[in-house]
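# Observations on the model geometry
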Amino acid sequence: MIEHTTRVARSAFAGHRVAAIILRHLYVMRTSWPRVLEMAYWPTVQMLVWGFASQFFAQHSSWVAQAGGVLIGAVLLWEVMFRSNLGFSLSFLEEMWARNLGQLYLTPLRPHEHIVALTAMSLIRTIIGLTPPSLLAIALYKFNIYGLGLPLLAFFANLMLTGWCVGLFTSALVLRFGMGAESLAWVLIFGLSPLSGIYYPISILPHWLQTVAYALPPAHVFEGMRAVMFDGVFRWDLFTNALTLNALYFTAFTAFFLFMVHVARKKGLFLNMGE
Amino acid sequence: MTDQPAIHVSSLVKDYGEVRAVDGIGFSVAPGAVVGLLGGNGAGKTTTISMLLGLLLPTSGKVEVLGHDMTSGDRFAVLPRMNFASPYVNLPYRLTVFQNLKVYGLLYGIRDIGGRIRGLARDLDLEPFLDTPARKLSSGQKTRVTLAKALLNQPEVLLLDEPTASLDPDTGDFVRTYLQDYAQDSGCAILLASHNMQEVERLCSRIMIMKQGRIHAEGTPAELGRRFGRASLEEVFLDIARAPREVAS
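Below is a short write-up of the structure.

Parameters and conventions
Residues numbered from 1 in each chain as written. Chains lettered and ligands numbered in written order. Predicted model: local features only at pLDDT ≥ 70, side-chain atom pairs only at ≥ 80, totals over all residues. Helix = DSSP H or I, 4+ residues; strand = E, 2+ residues; numbered from the N terminus. Rg over C-alpha atoms; globule rule 2.2 N^0.38 Å. Buried ≥ 20, exposed ≤ 12 C-beta atoms within 10 Å, placed from the backbone. Expected span 1.5 Å × (residues − 1). Arc of directions from axis to C-beta. Contact = placed C-beta atoms within 7 Å. Pairing = 2+ DSSP bridges. Right-handed = clockwise from strand over helix to strand, strands pointing away. Axes fitted to C-alpha atoms, helices over the stretch in contact; angles between N-to-C directions. Parallel < 35°, antiparallel > 145°, perpendicular 65-115°, else oblique. Left-handed = near helix turned anticlockwise from the far one by under 90°. Nonpolar A, V, L, I, M, F, W, Y, C, P; charged D, E, K, R; others polar.

## Some thoughts on the overall build of chain B
Scanning chain B from terminus to terminus reveals 9 helices and 10 strands. A compact globule built from 249 residues should have a C-alpha radius of gyration of about 18 Å, and chain B, at 18 Å, falls within 12% of that. On the principal axes, the C-alpha backbone points of chain B span a range of 55 × 40 × 40 Å. Among the 249 residues that make up chain B, the fraction classed as buried is 50%.

Structure follows, in C-alpha cells:
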C-alpha cells in the first residue's frame, strides 16, 4: 500500500511550494549566463547615459546643479520599477514558453503561492540587475544612491510594489489571451513613465494630467525622491500616499489575476498554452 | 479499502461555446482499479481527464476524486494524493531530469526528495541521464521521466493520457509492466486514456468507450466482446467508432 511520504499539504500557504518555483527559476538562471547579463546590461547603459547627461546639465542647469545625481538617482529608481515588473512577468512567461503552466496548476501549488514566488523572483532579478549600475555610479560619478539611507528603502519598496502590480496585470492578460499579449510585459510599464515624473516635477504636467499622475504611486515616489535630494526632507505624506495606492492596486490586480486563473479553468486555457 | 470510490463522476457536461465536448457522462473508479478510457480523437477523453485534474471547470455535473470536489477549492486537499502523466506535456526543457524531479518533489512536499528520486531513477532506468537537460531526452526517456514525475508523490489516483504513445515496443512493454506492478503493489486507482487496445486489454479490468462526449459502452474486455459479438477489443472499438451515434448506444 501507499506509504505517506508527502508532507501534509492542506495548508493554504506552504513555503516549500513557493521554494519549488523559485528553485525552478534559479536553475534556469544558472544555466543561462546571457539572461543574467541582460538583467544588468540595460540598467547599466541607462545609468551611463544619464550619468554623462547629469555631468553636462550640472554645468548648464541650475536645477540639476542644486542636487548632483538627481537624474542618476531617478534613472536607477525607474529601473527598480521596470526591473520589478520585468522580473515578475518574465518568470511567469518562462512557464508559458516551456508550456509548463498546466503541469504546475495540477500540483498542489495554489495561485497565490505562485504570485508570492513570482514576487520573490522579481526581487532577486531586480537586485542582480541594479547592483552593478548602482556601484558603477559611485565609481564613475561619485553618486552614492545608498547615501539616501532609509528613504531609499521606502522608495525601493514602493516601486517594487508598483512593478508587481503591472506584472500581475500583464501576466493575467497573457493567461487570458495567450502569447499574443506577451509584448505587454515589456511595453505596458512605459505608459506610466510620462506620468511618473521621473526626471521632472509633476507640476510641469497640465493640471488635469497631474490628477491622473497622482492617482499612480510612482508620481509620489519620485516627488519624494526630489524632496530628499533637494530639500533633505523625507515626505511621509508622499510615502503614505504611494503605499496606500500600491496596496489598493496590488489587491485589485491580485484579484484580477486570480479571476483570470478561474477564466482559464473555465475556458480550458491551461490545456492550450503557447502561441 | 473503503466503499468510497477513488473517482466519481456524475452528469458531467462540458460545453465550449456551441460545441458539447462531454455530454452528461457518469462513472466511478474503485480504489485499486485500473480503468481504461477509449475513444477516437475528439471523443472527450482529454476533456474528461482535465476536469478530473481540476484544470478545467465543467459546465455542469459532479467530479470527485477521493471524495473531494475538483471544481472548488476543496481540490487542493486531494491534489497531493493524485498525479498525471502524458507524453504530450512538457517539463521545463532547460532543467536536468534531476532538477525537474526535485522541483516537482518540492511542490508535492515529498520527504527525502533525493532518496525518492534515486528510487524512481533505479526503477525506471533513469540513472544514466539524471543530469541530462530535459530538451536532450529521447521520447522514450522523456516518457519515463514524465512517469517518474507522476509517481513522485506515490499517488492514490493516477490519470494517464496515452502513456506509451510513440514508444518502441520494448520501452512500451517496460512502462506497461511497471504500471501493472505499481497498481498491484500500491492499490492506486488508475484511469488510462489510450488508443492502444492491447495495452488497455492488458492493464485494465474495466473499459469505457467514449464517442462524441458520451460513454457508449462499458464493461470488461470479455463483456464488451460478447455484447458486440466481436473477438477483439479493437473490433468493438471500430464498430462503435463507425456506427451512427444513435445506433452505437
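Additional details are given in the paragraphs that follow.
## Digging into helix H1 (residues 15-31) of chain A
The periodicity of an α-helix, 3.6 residues per turn, causes residues three or four positions apart to be oriented the same way. Taking 1.5 Å as the rise per residue, H1 of chain A with 17 residues should run 24 Å; its terminal C-alpha atoms sit 24 Å apart, in good agreement. Taken together, the buried positions of H1 of chain A are Arg17, Val18, Ala20, Ile21, Arg24 and His25 of chain A. Projection of H1 of chain A onto a plane perpendicular to its axis shows the buried side chains occupying an angular sector of 160°, all on one side. Lining the buried residues of H1 of chain A we find helix H4 (70-97) and helix H6 (111-141) of chain A together with helix H2 (97-107) of chain B.

## Description of the pairing of strand E7 (residues 157-161) of chain B
Residues and elements named next belong to chain B. Most of E7 sits inside the fold, with 5 of its 5 residues counted as buried. Side-chain alternation along E7 places Val157, Leu159 and Asp161 on one buried face and Leu158 and Leu160 on a second face that is also buried. As paired strands, strand E6 (residues 82-85) and E7 are joined by 4 bridges and run parallel to one another. Opposite asparagine 83, over in E7, you have leucine 158 as the bridge partner. Between the parallel pair E7 and strand E8 (residues 189-193), the chain is carried across by helix H5 (residues 169-186), and the sense of this crossover is right-handed.

## Some thoughts on the sheet that holds strand E10 (residues 214-219) of chain B
Residues and elements named next belong to chain B. Ordered in space as E6-E7-E8-E3-E9-E10, the 6 strands form an open sheet in which the pairing is mixed. Looking at the sheet topology across the chains shown, the edges are occupied by E6 and E10. Strand-to-strand twist across the sheet, computed as the mean angle between neighbouring axes with direction ignored, equals 15°. Where strand E3 (residues 34-39) meets strand E9 (residues 206-211), 5 bridges bridge the pair, whose relative direction is parallel. Within E9, the residue paired with valine 35 across the bridge is arginine 206.

## Looking at the packing of H1 of chain A against H6 of chain A
Residues and elements named next belong to chain A. Running from amino to carboxyl end, H1 crosses H6 at an angle of 45°, the nearest separation of the two axes being 9 Å. Between H1 and H6, the angle is such that the two are oblique. Crossing of H1 against H6: the hand is right-handed. Every residue of H6 that contacts H1 at Arg17, Val18, Ile21, Ile22 and His25 is listed here: Glu113, His114, Val116, Ala117, Ala120 and Met121. Of the residues in the contact of H1 with H6, the class split is 7 nonpolar, 2 polar and 2 charged.

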